[in-house]
Amino acid sequence: MSMLTITGGKPLEGTIIVSGAKNAVLPIIAASLLCGEPIQLEDAPDLLDVNVMSKVISALGATVERDGSTLKIHTREIDCIEAPYDLVTQMRASIVTMGPLLARRGHVRISHPGGCAIGSRPINWHLKGLEALGAEIKMDHGFLDVSSKGLKGARIYMDYPSVGATENIMMAAAMAKGTTLIENAAQEPEIVDLATFINEMGGKVRGAGTSIIHIEGVREFHGTTHTVIPDRIEAGSYLLMVAATGGDVLVQNVIADHLKPLIAKMEEAGIRMMEEDDGIRISGKGVYNAVDIKTQVHPGFPTDLQAPFMAFLTRSNGTGLITETVFENRFMHVDELKRMGADIKIEGRSAIVQGIQRLNAAPVTATDLRAGAALILAALTAEGTTCIRGIHHIDRGYEQVEKKLSQLGANIIRDE
Ligand code: EPZ
């Protein structure tokens, strides 16, 4: 099993460039199924999840070619309506192919995606929204068989501002007859980037980034070139790593506005950051105050930065309280951090983190993508050499992680 070997104690210094956003490019690749003309995506990160999504749309009839960080996609015809079981079970984000397939072909068969380490992750709100647009849904031997004789615009009030459900409904509504209103919609920056992409193809989506999204259906789309927004979660993970190691780094290709909740909390902890023309300069000297965080939907503190922030808090001066409100089981990293000497107690959906002087190296395993980032941060600060297993989770969302960190002076080796 491949692993990362990290010897802690070195402050990170230099410049790091953030890649395009995984959680923006995945729905955008799915949305390319709406269009019969060539699509070009710039700043498309070369990640496991992006490769899986590319395979999913290829199985449905698209051609996908990668040229560095450019993805060239062309879906002349959708010649298959069944998303491959083994790919969908590998990556639940494949579920957002339902909306565009319904819109373009009127039919989709997809296995019900499983849950994962962080929770059961049902898709009831996806299905409720598609039914509101006129889809008929049947469960057939573990597969969802979703069809429609023609989607019609509707007014949809989301029970919860689910990111994936908002994306699926937006893509289906983009070709529905008439107007769709999504109320209590997710407001994440990745939703805005998806809407921007749909509009660049000739769509009519208004209000993305607010809780009310207004969509006029169109009959067809034209080709376009789109540059994916920077990955705010990757950027936030590296900002926390620099702070935790007491380093001094310029983090480039960042939209500071997308990171407001994290920046506010890091400044409350006593970390100095400066917005510069091409990024954020962070110098993380000294000891930090412990702070409390509560994860919420955007524009609240992002759940995807909860694990890296917890690892950072283990170095703070005092006691911090972390409350996870988005996923029911997103504390899998706690046991691994405790193996490194962290003092963390879980009480229901909260974790109480008592800062200590220094963690100790220990063999640990990443249980999910963001837990992996937390363990890298912990290893970069710990006394000794830490081996992190399960790094395929990390490769799902952090492009060339060991190369980027080595360039900042980290002592990190990937052992295949
Ligand atoms: C997206 O997942 C992201 N993934 C997640 O990032 C992120 O943590 C999450 O949004 C929240 O911001 C991608 O964009 C590919 P949700 P998604 O639907 O769409 C429940 C990472 O690390 N729910 O907003 O699945 C669900 O179980 C990943 O990059 C239902 O109950 O998130 C969860 O508890 C992890 N029924 C909550 O809502 C539904 O129909 C939020 O889920 C849909 C969701």
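Cut-offs used in this document
Residues numbered from 1 in each chain as written. Predicted model: local features only at pLDDT ≥ 70, side-chain atom pairs only at ≥ 80, totals over all residues. Heavy atoms only, no water. Buried < 20%, exposed > 50% of the residue type's maximum accessible area, 1.4 Å probe, protein only. Helix = DSSP H or I, 4+ residues; strand = E, 2+ residues; numbered from the N terminus. Contact = heavy atoms within 4.5 Å. Salt bridge = Lys/Arg side-chain N within 4 Å of Asp/Glu carboxyl O. Pairing = 2+ DSSP bridges. Axes fitted to C-alpha atoms, helices over the stretch in contact; angles between N-to-C directions. Near = heavy atom within 4 Å. Polar contact = N/O pair within 3.5 Å; in protein donor to acceptor, adjacent residues only side chain to side chain. Areas by Shrake-Rupley, 256 points an atom, 1.4 Å probe, with all protein chains shown as cover. Nonpolar A, V, L, I, M, F, W, Y, C, P; charged D, E, K, R; others polar. Core = buried A, V, L, I, M, F, W, Y, C linked by side-chain atoms within 4.5 Å. Phe/Tyr/Trp six-rings, centres within 6.5 Å; stacked < 30°, edge-to-face > 60°.

Caption draft 1: Geometry of helix α9 (residues 260-268). All of the buried residues along α9 are Pro261, Leu262, Ile263 and Met266. Contact partners of the buried residues in α9: α8 (232-245), β15 (272-276), β16 (279-283) and α10 (306-313). Two residues or fewer after α9 comes glycine 270, characterised by a positive phi angle close to 100°.

Caption draft 2: Layout of the pattern of salt bridges. Following the criterion strictly, the structure yields 22 salt bridges and no others. A salt bridge links arginine 396 to aspartate 49; its shortest N-O distance comes to 2.7 Å. Note that arginine 396 is positioned in the loop between α13 (391-395) and α14 (401-406) and aspartate 49 in helix α2 (residues 48-59), a separation of 347 residues in sequence. Take arginine 396: its relative accessible area is 25%, and that puts it in the partly exposed class. On the basis of relative accessible area, aspartate 49 is assigned to the buried category, the value being 3%.

Caption draft 3: Local environment of helix α4 (residues 98-105). Summarising burial for α4: 6 of the 8 residues are buried, a large majority. For α4, every residue scored as buried is listed here: Met98, Gly99, Pro100, Leu101, Leu102 and Ala103. Those residues of α4 hidden inside the fold are in contact with α1 (22-31), β6 (107-111), α5 (124-132), β8 (143-147) and α6 (163-173). Taken from the residues just after α4, glycine 106 is the one with a positive phi, measuring 75°.

Caption draft 4: Here's a closer look at the sheet that holds strand β13 (residues 224-227). Taking strand neighbours across the sheet as the criterion, the 4 strands line up as β4-β5-β3-β13 in an open arrangement whose pairing is mixed. The open sheet is flanked by β4 (63-67) and β13, the only strands paired with a single partner. Across the sheet, the mean angle separating the axes of adjacent strands is 15° when strand polarity is ignored. When β4 meets strand β5 (residues 70-74), the two strands line up antiparallel, connected through 5 bridges. In the strand pairing of β5, aspartate 67 is matched with threonine 70. Seen against the sheet, α1 touches β3 (39-42), β5 and β13 and runs at an angle of roughly 175° to β3. Against the sheet, α2 makes contact with β4 and β5, and its axis sits at roughly 150° relative to β4, the strand it touches most.

Caption draft 5: Spatial organisation of the site of the ligand. For the ligand, the set of nearby residues contains 23 residues, the closest of which are Asn124, Trp125, Ser162, Asp304 and Val326. The side chain of lysine 22 places a nitrogen or oxygen atom 3.0 Å from an oxygen atom of the ligand. Residue aspartate 304 places a side-chain N or O atom 2.6 Å away from an oxygen atom belonging to the ligand. Taking 830 Å² as the accessible area of the ligand by itself, protein coverage stands at 89%. Those elements that place two or more of their residues in the shell around the ligand are α1, α5, α6 and α12 (369-381). The class makeup of the residues in the shell around the ligand is 11 nonpolar, 6 polar and 6 charged.

Caption draft 6: Quick look at the nonpolar core. Core analysis: the largest hydrophobic core is formed by 73 residues, its most contacted members being Ile29, Leu41, Met170 and Phe221. In terms of residue count, α1 provides more of this core than any other element does, 7 residues in total. With near-sequence residues (within four places) excluded, methionine 170 lies in contact with Ile182, Ile191, Leu194, Ala195, Ile198, Val205, Ile213 and Ile215.

Caption draft 7: A look at the packing of aromatic side chains. On inspection of all chains with the given rule, the structure shows 5 aromatic pairs. With 5.4 Å between their ring centres and 20° between their planes, tryptophan 125 and tyrosine 160 make a pair best called stacked. Of the two residues, tryptophan 125 sits in helix α5 while tyrosine 160 sits in the loop between β9 (155-157) and α6, which places them 35 residues apart along the sequence. Residue class for tryptophan 125 comes out partly exposed when judged on its relative accessible area of 28%. A network of ring pairs unites the aromatic residues Tyr288, Phe301, Phe309 and Phe312 as a single cluster.

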